[in-house]
Amino acid sequence: VDGCMTPATVFLAAKAHEMSLRLRRATLLAAAFSLALLAPGVDGCTAIAVGKDASSNGSPMVTHSDDSGGAADIRVVRVPAADHAGGSHRPVYLSIGTFPRLLAPERAPGYARDTLMPGNMPEEARYLPLGFVPQVAHTYGYIDADYGISNEVGLVMGESTCSSKLGAAPIGVNNGTALFGIEELSKVALERCATARCAISTMGALAEEYGYYGGAAAFNTIYGEPTGEPRRPTVPGGPVLPVGPSKWEGFDHGEGGEALVIADRAGEAWVFHVSPDDTGKSAVWAAKRVPDNEVSVVANNFVIRACEEGPEWCMRSTNAIDVARRMGWYGVSPSPAPPASPPRRSDLIASNGEFTGDREAGAPMKHAEPAFDFTAAFGFEPADIIDLQVNRYYTGRRIWRVFDLLAPGLRLDPATGHIPTRPAYPFSVQPEKKVSAQRLINIHRDHYEGTPYDLTRGLASGPFGTPNRYSGGGFNSKVRGAWERAISMHRSLFAFVAVAGRPPPAAATVSVSLLEEEGKSAKASKRAAGGETVVWFGADTPHASFFSPLFPAVESVPNALRLANEAIYNPSVSAWWAVSPVKYFMDLNYRYMQPFVASAQADWEESAAVTSAELEQAVAAARLLPSNSDERTAAMAAVGEKLDTHWDEGVARWNILFAELMVRFRSGYLNHILQPGNNLEMSIAYPDWWLANVGFDRFPQPPAMVAATPSLMLPQYKAPILIPPNVGPAGAVAWSSYAPLPPNNDSATGAEPRLPLESALPLAALPPASSALLAFSTLLRSKRNPSPNPPPIPPPN
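In this text the structure is predicted, and so the values were computed from the model without any measurement.

(A) View of the overall build of the protein. Assigned secondary structure in the protein consists of 15 helices and 23 strands. Burial statistics for the protein: of 797 residues in total, 57% are counted as buried. The contacts in the protein between residues at least 6 apart in sequence include a share of 77% that link residues at least 24 apart. For the protein, the computed accessible surface area is about 32200 Å², with 58% contributed by carbon and sulfur atoms.

Below, the structure is given as structure tokens:
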């Protein structure tokens, strides 16, 4: 299944029921699998693009959170650079969201069968190519997950699936006419392009020529039945395709379109949209450049509207307006029917993959019609009022939140939301201060804290403020509605911030000897490196994860990300499985545990920034060595080994963090470790407002008869209390230790109380087990059930 499902799938219960009836014709396994994919309901991804002058490091940046959940392939794979013989063809595979997403040993060792962990025996028929396209002479090395991430020459991209009015089926299934999904399109762009402009033009040309299908294509194609007939070649004289999967039940509007945020080392950031056209054999697309001093957000709906500033700022497929006219979505004069076969665009792509034709169709319009709005024309707008409201705020609230965090002075209205036919929020805004990679990481950890939409508040957050909201009612539920959609989610598979880098300095400014030097400051290392491409990657959910660097120029991926499988618990090796237990344990008492996790994140990421700068310097030095030389290969391998060690240390640290949380919050208490074998238990009381709403004061009324109170009044937020004032042994965290983060902090949620861990005391300083301490412990044990109101924490000065 496509990595990011969108809000239009939320309330289509009738459609889902109809599809489930059709699935009865398939095998039991196929039906169970397909229904499992449909069950999550609301999925999606958030992507942000930052212009180079809005960035604190002088480089454009993009982000992506993969919030698809489900049975996904969570590995990160490095695809090596390669040279290709003239006349060769590149296979194009079906978009598959399950594990493994691809079996293609010709592409990368990581996609060979023998690299799979024990127990994985996929069906080979699921991994046949859908077709082939002409190959170019040389392809760049890159790292990918379900989508392409970044290549060795500084092209980076993040993804967000978008609703669309149009859909298509992939070649090889019943009525299938399209070759490319966004997964393969993004990877072809990374293979062939060094710039965002090239990537946009290449993906647009390929989608137009060979057809594009949306993310829903993978729902019912994985276990399809053979057609019995070989498929036609997709290029003249190309290979005849073997029999492949055939089942196809249509498309979902919520999955029809796609968006990528794309940036390059030359300093440009762009937003790209693509959708099937009305024939199912081609595509419509548009792209808009993000101003250098601004930030743009995509949250599962198209955001490009009118763009008439010319090809320096806008690109669009030449057929977009004609398709919109034919469908009655733009203008008053209908266009003629589409040609039987769209024109081929291969002649517009040079042998090195750079776009050479006149595809950049963004010149000002010369007729009197209103400016063409791509989002209004092709964005899907549900007719049902509840579906429309969900779609409106599922997207709009995230756009508002990012803009409001970065440019609060604009005072954008959170209630405006996003509706395709009603322009609301701007395409991009200028942040009030430069945006760092750490700032973007923190934004991806956000749950609207401190706003009326704060997911750590309210009855649904439980007594201890968990921000996670699992699925709502099932297909047969009579309760329609939706949860507020946060940026950080329980079902996130990973998130990253990709720093495209800056053009390298002159060779004379970087010495190969830098590779051997130690002790360089992060700032000095950054200057020496010239700004290498760095991907700050966090496995699993951002609010529980640690972020560490990856370097696309390095020809390997750390084992912590390469050896990953949702079905095999492996926390000692896998970063994903090291983070996942922390995430789920935090749900028990998020308000108390989050400060401990936040402290560990801050410590780790501060250290990782220094490590990243040192490795970045080494990568820059290695680049100066002759290409394909043994010296360069060895230098990059040395960086890869250090990077592998760094990630292993992160995995170990998060295993320790999980153990610390288990000990700290054992049995529902807050446990202070005084010395080995001696701990102090403190009761964590339920808040009064929650007790009143679950019938605590109506005992002995049977629990099954308890109903919530008619009205619910929530108190003002107070930070969790670790130890009562003026009570407790030496070394415990006292009230005076609460302090807000400094005003210039880089927290996404502003100046919140930050709770430090206790400092380690020398053994001699630990108090003996005195009668006073025993009395205090006895007092706590006797006071576990009552929940007196604690004294308020004094506000920060």
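(B) Quick look at the confidence of the model for the protein. Across the protein, the average pLDDT comes to 77, with 69% of residues at or above 70. This stretch, residues 216-230, has a pLDDT under 50; its non-local contacts, to residues over four places away or in other chains, come to 55 contacts. Here residues 506-530 is a poorly scored stretch, pLDDT under 50, and it has 40 contacts once near neighbours within four places are set aside; other chains count.

(C) Molecular detail of the packing of helix α3 (residues 182-192) against helix α4 (residues 196-210). Direction vectors running N to C along α3 and α4 enclose 130°, while the axes themselves pass 9 Å from each other. With respect to α4, the axis of α3 lies oblique. You can see that α3 and α4 cross each other, and the crossing is right-handed. For the pair α3 and α4, the contacting residues are Leu-185, Ser-186, Val-188, Ala-189 and Arg-192 in the first and Cys-198, Ala-199, Thr-202, Met-203, Leu-206 and Ala-207 in the second. In terms of residue class, the contact of α3 with α4 is made up of eight nonpolar, two polar and one charged.

(D) Quick look at the state of the cysteines. Counting across every chain of the model gives two disulfides. Sulfur-sulfur distance for the disulfide between Cys-193 and Cys-198 comes to 2.0 Å. Sign of the S-S torsion, about -60° for the bond between Cys-193 and Cys-198, identifies this disulfide as left-handed. Residue Cys-193 is classed as buried on the basis of its relative accessible area, which comes to 0%. The residue that forms a disulfide with Cys-307 is Cys-314, at a sulfur-sulfur distance of 1.6 Å.

(E) Region of interest: the side chain of Ser-59. With respect to the helices and strands, the residue Ser-59 is situated in the loop between β1 (45-50) and β2 (61-66). Exposure remark for Ser-59: the relative accessible area of 1% places this residue in the buried category. Residues within four places of Ser-59 in sequence aside, it is in contact with Gly-51, Lys-52, Val-499, Ala-500, Gly-501 and Arg-502.

(F) Quick look at the pairing of strand β12 (residues 269-276). In terms of burial, β12 is largely enclosed, as eight of its eight residues are buried. Here six bridges tie strand β11 (residues 257-263) to β12, and the two strands are oriented antiparallel to one another. Residue pairing in the sheet places Ala-263 in a bridge with Ala-269 of β12. Where β11 hands over to β12, the hairpin turn is made up of five residues, of which Gly-267 adopts a positive phi near 110°. Bridge analysis of β12 against strand β13 (residues 283-289) gives seven bridges, and the strand direction is antiparallel. When the sheet's bridge partners are listed, Trp-270 is paired in β13 with Arg-289. Counting the residues in the hairpin turn of β12 and β13 gives six residues, including Gly-280, whose phi is positive at 75°.

(G) How the structure looks around the pattern of salt bridges. Across all of its chains, the model carries 29 salt bridges by this definition. The residue Arg-326 makes a salt bridge to Asp-278 at a minimum N-O spacing of 2.8 Å. Within this pair, whereas Arg-326 is found in helix α5 (residues 320-326), its partner Asp-278 is found in the loop between β12 and β13, the two being separated by 48 residues in sequence. Among the residues examined, Arg-326 registers a relative accessible area of 24% and is labelled partly exposed. For Asp-373, the salt bridge identified is with Arg-305, shortest N-O distance 3.0 Å. One end of the pair, Asp-373, is in the loop between α5 and α6 (374-378); the other, Arg-305, is in the loop between β14 (295-298) and β15 (314-316), with 68 residues separating them in the sequence. The pair Asp-373 / Arg-305 is uniform in exposure class, with both members buried. Each of Lys-52, Asp-53, Arg-197, Glu-268, Arg-289, Asp-292 and Glu-312 takes part in salt bridges that share partners, so that together they form one network.

(H) Examining α4 more closely. Helix length check: α4 (15 residues) gives 21 Å between terminal C-alpha atoms against 21 Å at 1.5 Å per residue, within 8%. Of all the 15 residues making up α4, 15 are buried; the element is thus mostly covered by neighbouring parts of the structure.

(I) Local environment of the sheet that holds strand β19 (residues 547-550). Taken together, the seven strands give an open sheet; going across it, the order is β16-β14-β1-β2-β17-β18-β19, and neighbouring strands pair in antiparallel fashion. Each having just a single partner strand, β16 (428-429) and β19 make up the two edges of the open sheet. Note that strand β18 (residues 534-539) and β19 share four bridges and pair antiparallel. Bridge pairing links Val-535 to Leu-550 in β19. Those strands touched by helix α7 (residues 385-406) are β1, β14 and β16, and its axis lies near 160° from that of β14. Where helix α13 (residues 630-664) meets the sheet, it contacts β18 and β19, and its direction lies at approximately 170° from that of β19.

(J) Expanded view of the pairing of strand β5 (residues 89-93). For β5, the buried fraction is high: four of the five residues fall into the buried class. Strand direction decides the pairing type here: β5 and strand β6 (residues 129-134), joined by five bridges, are antiparallel. By the bridge assignment, Val-92 is partnered in β6 with Gly-131.

Calculation notes
By convention here, each chain's residues receive numbers from 1 onward along its written sequence. pLDDT decides what is reported in this predicted model: residues at 70 or higher carry local features, side-chain atom pairs at 80 or more are listed and counted, and totals for whole chains, interfaces and linings draw on all residues regardless. To obtain the side-chain values, all non-hydrogen atoms of the structure were used and water was disregarded. Put simply, DSSP marks the helices as runs of H or I at least four residues long and the strands as runs of E at least two long, and each gets a number from the N terminus on. Residue exposure (1.4 Å probe, protein chains only): buried if accessible area is under 20% of the type maximum, exposed if over 50%, otherwise partly exposed. The contact criterion used is simple: two residues touch if any of their non-hydrogen atoms lie within 4.5 Å. Residue-level accessible areas treat just the shown protein chains as cover; the underlying method is Shrake-Rupley with a 1.4 Å probe. Across the chain, each position has a pLDDT score giving the predictor's confidence in that residue, from 0 to 100. All axes here are fitted lines through C-alpha atoms, helices being fitted over the stretch that makes contact, and every angle between N-to-C directions spans 0 to 180 degrees. The scheme is simple: roughly parallel for angles under 35 degrees, roughly antiparallel for over 145, roughly perpendicular for 65 to 115, oblique for anything else. Should the near helix be turned anticlockwise from the far one by less than a right angle, the crossing is left-handed, and should it be turned clockwise, the crossing is right-handed. Residue type decides the class: Asp, Glu, Lys and Arg count as charged, Ala, Val, Leu, Ile, Met, Phe, Trp, Tyr, Cys and Pro as nonpolar, and the leftover types, Gly among them, as polar. Here, the term disulfide refers to a pair of cysteine sulfur atoms separated by no more than 2.5 Å. We treat two strands as partners when DSSP finds at least two bridges between them. Whenever a carboxyl oxygen of Asp or Glu lies within 4 Å of a side-chain nitrogen of Lys or Arg, that contact is scored as a salt bridge. To estimate how far a helix should extend, the number of its residues minus one is multiplied by 1.5 Å.

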